[in-house]
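Single-letter residue listing:
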Amino acid sequence: MPLLIGSYAPDLMSKWFVYGIHIGGWDLKASDPVQFHRGWPGVGFTHSLLYGAVLALLIWRILGSKTWAVSFLIGQWAHAITDTGDTVGTMLFFPWTIHIHFGAWAYAGQTGRMTDAAAYFSGPGAVWDLVWIVYGLFCWRVLTRSYFETHVYTADAFWGRANRLVPMAALLVAYRAAFFYGTSRWIAWSLWAHVVHHYPYDISWGGPHWVSAAHSPSLTWPQLAGVGAIVGTGVAIFFVSRLEFGRRSWAAIRSRT
Amino acid sequence: MPSKRQLAVAGGYVVAAAVYIAVGVWDTDFLFSFFVGLAYLLVVAWLVPAAVRRIF
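Computed from a predicted model, the values in this text were never measured in an experiment.

## Section: the overall build of chain B
Then, number 1: When helices and strands are counted, chain B shows three helices and zero strands.
Then, number 2: In terms of overall size, chain B is more extended than a compact globule, its C-alpha atoms giving a radius of gyration of 13 Å where 56 residues would be expected to give roughly 10 Å.
Then, number 3: When its C-alpha atoms are laid out on the principal axes, chain B stretches across 35 × 30 × 15 Å.
Then, number 4: Considering chain B as a whole, with its 56 residues, one finds that 18% of them fall into the buried category.

Put into structure tokens, the structure is as follows:
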């Protein structure tokens, strides 16, 4: 559950303002949707690693659950890193405001939600989603009742508390809902875009090219070096801490025996 | 391989997905929110079967 919330966290409060809504006689929409969604000034910091880490620490502190904090962090980081795949990318290392972007699929949020959906489900982004759907189907056992009861229910106290209010059958359905929703909407949007409206597929790099995509400028060599240094430092810290943890664990085992 | 019971459960979800997809293609507002999908699934995969079991 916290992983799901984390994966929605970057866009939770902002996407409606990117696409715009009509309430009564009012049209509410960001004047520069791309800048608002992914930039600074704007709410682009919601797609950064730091934002996820800060919220995860708050969750750990307030709820006292390491499982919730780490799961939320994984979900939020997955979203922030995945969005580097489009042509705008994310300020992954905010407060450094450069956009990390691989340009694999077109960012078209500024065109409105229908064109954005049509473009996304016509390009490499749809293929990327399909990879995860197929991977999920290969891992079908994680959707079974026995897996839920044995591994998921016992790992997160949330389910036990929820079970005081609703029966296990309803919790199991709620647990399966994320995969159900992700898979069903992928099929539905694909049908809508290609059977009902005949938008052309273009799964070439940066596609679909029929949509007017927004782009971030390419990184300069010094910026690339900076990114390499940050990633390298992160990887080094990870491995050193694991080595150190391993040494301490062995020392603790030896001292016991 | 999944058991017959697991396949039957999966079949139920496939039917639920088919209806969700059909409604979603007809009215795309149905597709935008995870919470709409969650509510739909709770109704068709838990509430309705539970009600049917209670009646019969």
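## Observations concerning the overall build of chain A
Then, number 1: Secondary structure summary: chain A contains eleven helices and two strands in total.
Then, number 2: Sequence-distant contacts in chain A: of pairs separated by 6 or more residues, those separated by 24 or more amount to 60%.

## Section: the domain arrangement of chain A
Then, number 1: Domain annotation of chain A identifies domain 1 (1–102), domain 2 (114–217) and domain 3 (219–250).
Then, number 2: One C-alpha centre belongs to domain 1 of chain A, the other to domain 3 of chain A, and the line joining them spans 24 Å.

## Concerning the environment of Leu31(B)
Then, number 1: Assignment of secondary structure puts Leu31(B) in helix H2 (residues 29–32).
Then, number 2: Through-space distance from the C-alpha of Leu31(B) to that of Tyr13(B) is 17 Å; in sequence the pair is 18 residues apart.
Then, number 3: Ignoring any residue separated from it by four or fewer positions in sequence, one finds Leu31(B) in contact with Arg185(A), Ala188(A), Trp189(A) and Gly24(B).

## Topic: the interface of chain A and chain B
Then, number 1: If you look at the interface, chain A gives 18 residues, while chain B gives 17 residues.
Then, number 2: Per-class residue counts for the side of chain A that touches chain B are 14 nonpolar, three polar and one charged.

## With respect to helix H1 (residues 4–26) of chain B
Then, number 1: Taking 1.5 Å of rise per residue, 23 residues should cover 33 Å, and H1(B) covers 33 Å from first to last C-alpha, within 8% of that figure.
Then, number 2: Along its buried surface, H1(B) packs onto helix H10 (168–196) of chain A together with H2 and helix H3 (34–55) of chain B.

## Some points on the packing of helix H7 (residues 124–138) of chain A against H10(A)
All names here are of chain A.
Then, number 1: Their axes nearest at 11 Å, the elements H7 and H10 cross at an angle of 140°. On the basis of their axis angle, the class for H7 and H10 is oblique. Judged by the sense of rotation from one axis to the other, the crossing of H7 with H10 is left-handed. Of the residues in H10, those touching H7 at Ala126, Asp129, Leu130, Ile133 and Gly136 are Phe179, Gly182, Thr183, Trp186 and Ser190.
Then, number 2: Looking at the contact of H7 with H10 residue by residue, the class counts come to five nonpolar, four polar and one charged.

About the criteria used
- Numbering of residues starts from 1 in every chain and runs along the sequence as written.
- Labels are handed out in written order, letters beginning with A for the chains and numbers beginning with 1 for the ligands.
- Where local features are concerned, this predicted model is filtered to residues with pLDDT of at least 70; where side-chain atom pairs are given and counted, the filter is 80 or more; whole-chain, interface and lining totals use all residues.
- For helices the rule is a DSSP run of H or I covering at least 4 residues; for strands it is a run of E covering at least 2, with both sets numbered from the N terminus onward.
- As defined in this context, the radius of gyration uses C-alpha atoms, and a globule is described by 2.2 Å times the residue total to the power 0.38.
- Working definition of burial: number of other C-beta atoms within 10 Å of the residue's own, with buried at 20 or more, exposed at 12 or fewer, and partly exposed in between, all C-beta atoms being placed from the backbone.
- Each residue is represented by a C-beta atom placed from its backbone, and any two residues with such atoms within 7 Å are regarded as in contact.
- As used throughout, domain bounds are those supplied by an automatic or database domain assignment.
- In this count, Pro and Cys sit with the nonpolar residues alongside Ala, Val, Leu, Ile, Met, Phe, Trp and Tyr, while Asp, Glu, Lys and Arg are called charged and the others, Gly among them, polar.
- Here, expected helix span is obtained from the residue count minus one, scaled by 1.5 Å.
- Think of each axis as a best-fit line through the C-alpha atoms, taken over the contacting stretch in the case of a helix, with angles from 0 to 180 degrees between the N-to-C directions.
- For classification purposes, angles smaller than 35 degrees are called roughly parallel, those larger than 145 roughly antiparallel, those between 65 and 115 roughly perpendicular, and all remaining angles oblique.
- A clockwise turn of the near helix away from the far one marks a right-handed crossing, whereas an anticlockwise turn of less than a right angle marks a left-handed crossing.

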